[in-house]
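Read off the chains here:
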Amino acid sequence: MAKQQVIRLSAEQRYSKELEKLIKADSENNKPEGWVLSPKAVRQFILGNDRLGISRKFFGDDPLVDRSIVSLLGKQGLMLVGQPGTAKSMLSELLAAAISGDSNLTIQGTAGTSEDHIRYSWNYALLLAEGPIERALVGSPIYQGMKQGKIVRFEEITRCPPEIQDILVSIMSEKQMMIPEMGANAIISAKPGFNIIGTANLQDRGVHEMSAALKRRFNFETVNPINNKDFEIELIQRQLEQELGELKTQIVIPVDVIDLLVTAFQELRQGQTQDGANIKTPDAVMSTAEAVNIAYASALDAYYFSDGTLNAGQIAKQLIGVVLKDNADDIKRIQFYMDNVVRERAKKSETWHSFYQVSKTFWK
């Protein structure tokens, strides 16, 4: 039978061989109860270990990773906050995969997230036939995480209404969940290894602010955008290769085109050019994740509609899909950047010239 293809594998599946190597090499390290790997090995899984052939998966603030691991060793949960697209979800997935061997116990916070998503619901056919027994109970990811002693990921927690968020307060404090339908003594107690990693976008801070009581149950860590240009270029190249899969051998990805993409994103993100000139930042998210999306779409454009070589003109075409998401005023800001920064560079660089010529079609 042919191997079934899927669009995306979980972190523990993508890096299963690396996890096996770390487990074998981890016998002498102190391992907390309920953890698949020791804290040292968790760090190596995320930040890499050349000697063992473990790849670096998170680029940026290494001490942030150390602090996150220490947070999960304690009684409090870990809350990763930052601008959209700063790899908060990726870091939470990697931590869950390394600590629990399972990153799939996930709640996606939305305006429609209910108490059932956080606690449990019922199979009503069984409930009517047999009453409130454990077989009829449908446990949430948190319920499953408590029973199995695993990390649970709660994405975009501030998208949930405050009364739903606050269901977590007693669960995180007591590490227990009562099931009153099954009797006064029906309680699920969390096994060692259980904890919660939450993520929240700073742009959503005004949507549903977390209560002070819930904030006290988490250690907060801010995931900042990547400011190191070389790091960001390397990360985009690596992510692009993963996204392209088998197509990567059939598409030429010039380094100077990725360099242009990263330069433009960092300048628009920071509001300042490499020469120190101030520019207005767009409201659109100019994150590394969005840059990867542009590079991927541009590479597909090159493969299916051109000669298979990525060029800066294709980057310019895809940029509009990122910028024109939130605020029409962003058009003026990009126009200013193109007319005053890109146009000058186009006089000295063929790559920037291609970028500028194509961009004029969309921004004039």
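Below or above, wherever it landed, is the structure these notes cover. (Residues numbered from 1 in each chain as written. Predicted model: local features only at pLDDT ≥ 70, side-chain atom pairs only at ≥ 80, totals over all residues. Heavy atoms only, no water.)

**Here we look at the overall build of the protein chain**
Here's step 1: Per the secondary structure count, the protein chain includes 17 helices and nine strands.
Here's step 2: Taken along the three principal axes of its C-alpha coordinates, the protein chain extends 75 × 45 × 45 Å.
Here's step 3: For the protein chain, the proportion of its 364 residues judged to be buried stands at 46%.
Here's step 4: The long-range share in the protein chain, meaning contacts at least 24 apart out of those at least 6 apart in sequence, stands at 71%.
Here's step 5: A total of about 18,100 Å² of accessible surface is found on the protein chain, and carbon and sulfur atoms cover 50% of it. (Helix = DSSP H or I, 4+ residues; strand = E, 2+ residues; numbered from the N terminus. Buried < 20%, exposed > 50% of the residue type's maximum accessible area, 1.4 Å probe, protein only. Contact = heavy atoms within 4.5 Å. Areas by Shrake-Rupley, 256 points an atom, 1.4 Å probe, with all protein chains shown as cover.)

**A short note on the environment of Gln237**
Here's step 1: Tracing the chain through its elements places Gln237 in helix α12 (residues 229-244).
Here's step 2: Note: C-alpha distance between Gln237 and Glu130 (107 residues apart in sequence) is 56 Å.
Here's step 3: Excluding anything up to four places from it in sequence, Gln237 contacts Val255 and Ile258.

**What about helix α4 (residues 62-73)?**
Here's step 1: Taking 1.5 Å per residue, twelve residues should reach 16 Å; α4 reaches 17 Å between its end C-alpha atoms and fits that length.
Here's step 2: All buried positions along α4 are accounted for by Leu64, Val65, Ser68, Ile69, Ser71 and Leu72. Taken down its axis, α4 places every buried residue within 155 degrees of arc, on the same side.
Here's step 3: The inward-facing, buried residues of α4 contact α3 (39-47), β1 (77-82), α5 (88-100), β5 (151-155), β8 (195-201) and β9 (218-222). (Expected span 1.5 Å × (residues − 1). Arc of directions from axis to C-beta.)

**Things to note about the side chain of Thr199**
Here's step 1: Mapped onto the fold, Thr199 is located in strand β8.
Here's step 2: Contact partners of Thr199, with chain neighbours within four places excluded, come to Met79, Leu80, Lys88, Ser89, Ser92, Phe154, Glu155, Glu156 and Ile157.

**Here we look at the pattern of salt bridges**
Here's step 1: For the coordinates displayed, the defined rule picks out 21 salt bridges.
Here's step 2: A salt bridge links Asp66 to Arg43; the shortest N-O distance between them is 2.5 Å. Taken together, the residues Asp66 in helix α4 and Arg43 in helix α3 connect sequence positions 23 residues apart.
Here's step 3: In this structure Asp66 comes out as partly exposed when scored by relative accessible area, which is 29%.
Here's step 4: One salt bridge connects Arg67 with Glu221, and the closest N-O pair in it is separated by 3.0 Å. Of the two residues, Arg67 is situated in helix α4 and Glu221 in strand β9; the sequence distance between them amounts to 154 residues.
Here's step 5: Judged by its relative accessible area of 38%, Arg67 falls in the partly exposed class.
Here's step 6: You can call Glu221 buried: its relative accessible area is 11%.
Here's step 7: Counted as one network, the salt bridges with shared partners bring together Arg8, Arg14 and Glu93. (Salt bridge = Lys/Arg side-chain N within 4 Å of Asp/Glu carboxyl O.)

**Some remarks on the pairing of β1**
Here's step 1: Of all six residues in β1, six are buried; the element is thus mostly enclosed.
Here's step 2: Of the two faces of β1, both are covered, the one formed by Gly77, Met79 and Val81 as well as the one formed by Leu78, Leu80 and Gly82.
Here's step 3: Pairing geometry for β1 and β9, over five bridges, is parallel. If you follow Val81 over to β9, its bridge partner there is Thr222. (Pairing = 2+ DSSP bridges.)

**A look at unusual backbone geometry**
Here's step 1: For Glu156, which is not a glycine, the phi torsion comes out positive at approximately 55 degrees.
Here's step 2: Along the chain, Glu156 turns up in the loop between β5 and α9 (162-165).
Here's step 3: Residue Glu156 is classed as buried on the basis of its relative accessible area, which comes to 19%.
Here's step 4: Look at Lys175: it is not a glycine, yet its phi comes out positive at around 55 degrees.

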